[in-house]
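What follows is each chain in one-letter form.
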Amino acid sequence: MFEFNYEAVKWTDIAGRYITATDIDPFLDLVAPEFDVHKVGESVQGRAIKCITLGTGPIRIMMWSQMHGNESTTTKSVLDLVNFLRKESDLAKLMLNNCTIAIVPILNPDGAVAYTRVNANGVDLNRDAQDRTQPESIALRELYDHFKPDFCFNLHDQRTLFNVGDTDKPATVSFLAPAHDPERSISGTRALSMQLIVAMNGELQKYIPGQVGRYDDSFNSNCIGDTIQMLHTPTILFEAGHFQGDYEREQTRYYIFMALLKGVEVIAKKEVGLFIQERYFDIPENNKLFYDVLIKNIHLLDSSRISGDSAGILFVETLVDNKIDFVGKLEQVGNLDHKFAHKTYNCLDAKDLEIIKNNPNLLNALK
Ligand SMILES: [Zn+2]
């Protein structure tokens, strides 16, 4: 295992879920004298889309985060990666000598401010890769065409409802080697994506055993990963997900950082080919079996409910006063024995019943 002090490279000026360009600009200004920081486009509302380019090596890696404005975890991780590369270490030197890395930390700065998945025109940029109707999509494609990457990292967050396979483990990190055709065949390009995922999964299993999932690979050419895979550039989808108790995604930030570090290391050392492609399919697929809160025997709280039924609640991330509130929303009532939850209460337990009765967020969800 690669030993080093993460706390020494973590860029602690940003934390939590609500991350905008204004939050990261001081960091970009700080690193601008050492690395190339330039504007690659403008958002619908005229915000700058910035790219940091690091290193001088022949292997070219391109990454973009926050294509979905409310998916900020990987933005925190890429800043940590840049900070790691600023500090003197043998590994950082190796990476910068062997690779040139272009990073767009926030592709959708308007969505970041509004805390929405979509851009200011209400368009999901991850369904706009073919038509490129939006300035953010055009900026990304122009960067791709100009930079000519050998590898692409497409960085996202996923919701708390994802679990790994049939287990009660949350999908803290999920990966996908996107398909390039409806048959989901395995081209040389896609095989490289799979091998790189196998390398990163091997690393992550040391920290979060059983908490890495494989994302659904149905083909959709409007998705950016599928499009770039069709252009024969190995592409990897990263999904930062839930770690137990970590709604601010500061733990997951670390795991994504470790995955990025491993991914870049393996590329820089030209070791991608050492990893066995078939092991990709050993990573269990994601499932959607989690609620944020499960309340058992709900009839003891609400007599109109059927005896023995449970209530499944998911949180809706809501922007309030520049921070994210996790507002409960009732998803389902019934026999939910096959489901898991990040927090379970049982109304048969007097203490649990008391907790729920004193929790306005849960009570509102149950109304
Ligand atoms: Zn996303």
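In what follows, the structure referred to is the one given above.
None of the values given here were measured: they were computed from a predicted structure. (Residues numbered from 1 in each chain as written. Predicted model: local features only at pLDDT ≥ 70, side-chain atom pairs only at ≥ 80, totals over all residues. Heavy atoms only, no water.)

## Let's talk about the pattern of salt bridges
In plain terms, the rule: Should a side-chain nitrogen of Lys or Arg be within 4 Å of a carboxyl oxygen of Asp or Glu, the pair is scored as a salt bridge. Only protein chains enter the area calculation, which uses a 1.4 Å probe; residues under 20% of their type maximum are buried, those over 50% are exposed, and those in between are partly exposed.
According to the stated counting rule, one finds 22 salt bridges in the structure shown. One salt bridge in this structure joins Glu88 and Lys93, with 3.9 Å as the shortest N-O distance. Its relative accessible area of 71% is what places Glu88 among the exposed residues. A salt bridge links Lys206 to Glu203; its shortest N-O distance comes to 2.9 Å. With relative accessibility at 5%, the residue Glu203 sits in the buried group. Each of Lys10, Lys76, Asp80, Glu250 and Arg253 takes part in a single network of salt bridges with overlapping partners.

## Brief notes about the coordination of the zinc ion
Reference values for coordination geometry: four tetrahedral donors around a metal ideally subtend 109.5 degrees, six octahedral donors ideally subtend 90 or 180 degrees. Filter applied, for reference: The rule for donors is simple: N, O or S, within 2.8 Å of the metal, or within 3.2 Å if the metal is Na, K or Ca. Water isn't counted, so a site may look like it is missing partners.
Every protein donor of the zinc ion is listed here as His68 (ND1), Glu71 (OE), Glu71 (OE) and His156 (ND1), and their distances to the metal cover 2.0 to 2.7 Å. Each donor residue of the zinc ion lies on the same chain, and together they follow the pattern H-x2-E-x84-H. Grouping residues by exposure puts His68 and Glu71 together as buried.

## So, the sheet that holds strand 9 (residues 235-240)
Sheets are built from strands that pair by backbone hydrogen bonding, the pairs being arranged parallel or antiparallel. Put simply, the rule reads: Paired strands, as defined in this entry, are two strands with at least two bridges between them according to DSSP. A run of H or I in DSSP counts as a helix once it spans at least four residues, and a run of E counts as a strand once it spans at least two, with each numbered from the N terminus. For helices, the fitted line uses only the C-alpha atoms of the stretch in contact; every axis is such a line through C-alpha atoms, and the angle between N-to-C directions lies from 0 to 180 degrees. The contact criterion used is simple: two residues touch if any of their non-hydrogen atoms lie within 4.5 Å.
Reading across the sheet, the eight strands line up as 1-2-4-3-5-9-7-8 and stay open at both edges, with mixed pairing between neighbours. Looking at the sheet topology across the chains shown, the edges are occupied by strand 1 (36-42) and strand 8 (212-214). Averaged over all pairs of adjacent strands, the angle between their axes in this sheet comes to 20 degrees, without regard to strand direction. With three bridges connecting them, strand 7 (residues 173-176) and strand 8 associate as parallel partners. Considered in strand 8, the bridge of Ser174 is made with Gly213. The sheet contacts of helix 3 (residues 73-86) involve strand 2 (48-54), strand 3 (59-65), strand 4 (99-104), strand 5 (151-157) and strand 9, and relative to strand 5 the element is tilted by about 135 degrees.

## With respect to the side chain of Arg253
Position of Arg253 among the secondary structure elements: in helix 9 (residues 250-268). Contacts of Arg253, omitting those with residues within four sequence positions, involve Tyr6, Lys10, Trp11, Thr12, Ile14, Ala15, Thr73, Lys76, Ser77 and Asp80.

## As for the packing of aromatic side chains
This is how the line gets drawn: Only rings of Phe, Tyr and Trp enter the pairing, Trp through its six-membered ring, and a pair is recorded when the two centres are within 6.5 Å. The plane angle decides the type: under 30 degrees is stacked, over 60 is edge-to-face, the rest tilted.
In total, this model carries 16 aromatic pairs according to the counting rule given. Seen in terms of ring centroids, Phe162 and Tyr215 are 5.8 Å apart; in terms of plane orientation they differ by 50 degrees. Their pairing is tilted. Here Tyr215 lies in the loop between strand 8 and helix 8 (224-230) and Phe162 lies in the loop between strand 5 and strand 6 (163-164), a separation of 53 residues in the sequence. For the ring pair Phe290 and Phe340, a centre distance of 5.8 Å and an interplane angle of 50 degrees mean the geometry is tilted. Residue Phe290 is found in strand 11 (residues 290-296), and its partner Phe340 is found in strand 14 (residues 340-346); the two are separated by 50 residues along the sequence.

## A closer look at the sheet that holds strand 11
Taken together, the four strands give an open sheet; going across it, the order is 13-12-11-14, and neighbouring strands pair in mixed fashion. In the strand order of this sheet, the two ends are held by strand 13 (323-334) and strand 14, each with one partner. In this sheet, neighbouring strand axes are inclined to one another by 30 degrees on average, regardless of whether the strands run parallel or antiparallel. Here strand 11 runs beside strand 14; their pairing, made up of six bridges, is parallel.

## Some words on helix 6 (residues 135-147)
Keep this limit in mind: To estimate how far a helix should extend, the number of its residues minus one is multiplied by 1.5 Å. When we speak of the arc, we mean the arc of directions from the helix axis to the C-beta atoms.
Across its 13 residues, helix 6 extends 18 Å between first and last C-alpha, which sits within 8% of the 18 Å expected from 1.5 Å per residue. Taken residue by residue, helix 6 has Glu136, Ser137, Ala139, Leu140, Leu143, Tyr144 and Phe147 as its buried positions. Angularly, the buried residues of helix 6 cover 165 degrees about the axis, an arc narrow enough to put them on a single face. Once helix 6 finishes, Lys148 follows within two positions and takes phi at roughly 55 degrees, a positive value.

## Things to note about unusual backbone geometry
Notably, Tyr115 is not glycine yet its phi reads approximately 55 degrees, a positive angle. When you line up the elements, Tyr115 lands in the loop between helix 5 (109-114) and helix 6. Overall, the relative accessible area of 7% leaves Tyr115 in the buried class. In this model, Arg184 sits at a positive phi of 55 degrees, which is unusual for a non-glycine residue. If you trace the backbone, Arg184 turns up in the loop between strand 7 and helix 7 (188-204).

## Overview of the packing of helix 7 against helix 9
Between two packed helices, both the angle of their axes relative to each other and the distance between the axes serve to describe the pair. Threshold: Relative orientations are named as follows: roughly parallel for angles under 35 degrees, roughly antiparallel for angles over 145 degrees, roughly perpendicular for angles from 65 to 115 degrees, and oblique for any other angle. Here a crossing is called left-handed whenever its near helix is offset anticlockwise from the far helix by less than a right angle, and right-handed whenever the offset is clockwise. Three classes are used: nonpolar for Ala, Val, Leu, Ile, Met, Phe, Trp, Tyr, Cys and Pro, charged for Asp, Glu, Lys and Arg, and polar for all others, with Gly counted as polar.
The N-to-C vectors of helix 7 and helix 9 enclose an angle of 135 degrees; their axes lie 9 Å apart at closest approach. Put simply, helix 7 runs oblique to helix 9. For the element pair helix 7 and helix 9, the recorded crossing hand is right-handed. Along its contact with helix 7, which presents Leu196, Ala199, Met200, Glu203 and Leu204, the element helix 9 presents Tyr255, Met258, Ala259, Lys262, Gly263, Val266 and Ile267. Its residues assigned to classes, the contact of helix 7 with helix 9 shows nine nonpolar, one polar and two charged.

## Looking at helix 9
Helix length check: helix 9, at 19 residues, gives a terminal C-alpha distance of 27 Å against a target of 27 Å (1.5 Å per residue), a fit within 8%. Of all 19 residues making up helix 9, 18 are buried, and the element is well covered by its neighbours. Of the residues trailing helix 9, Lys270 is marked for its positive phi of about 55 degrees.

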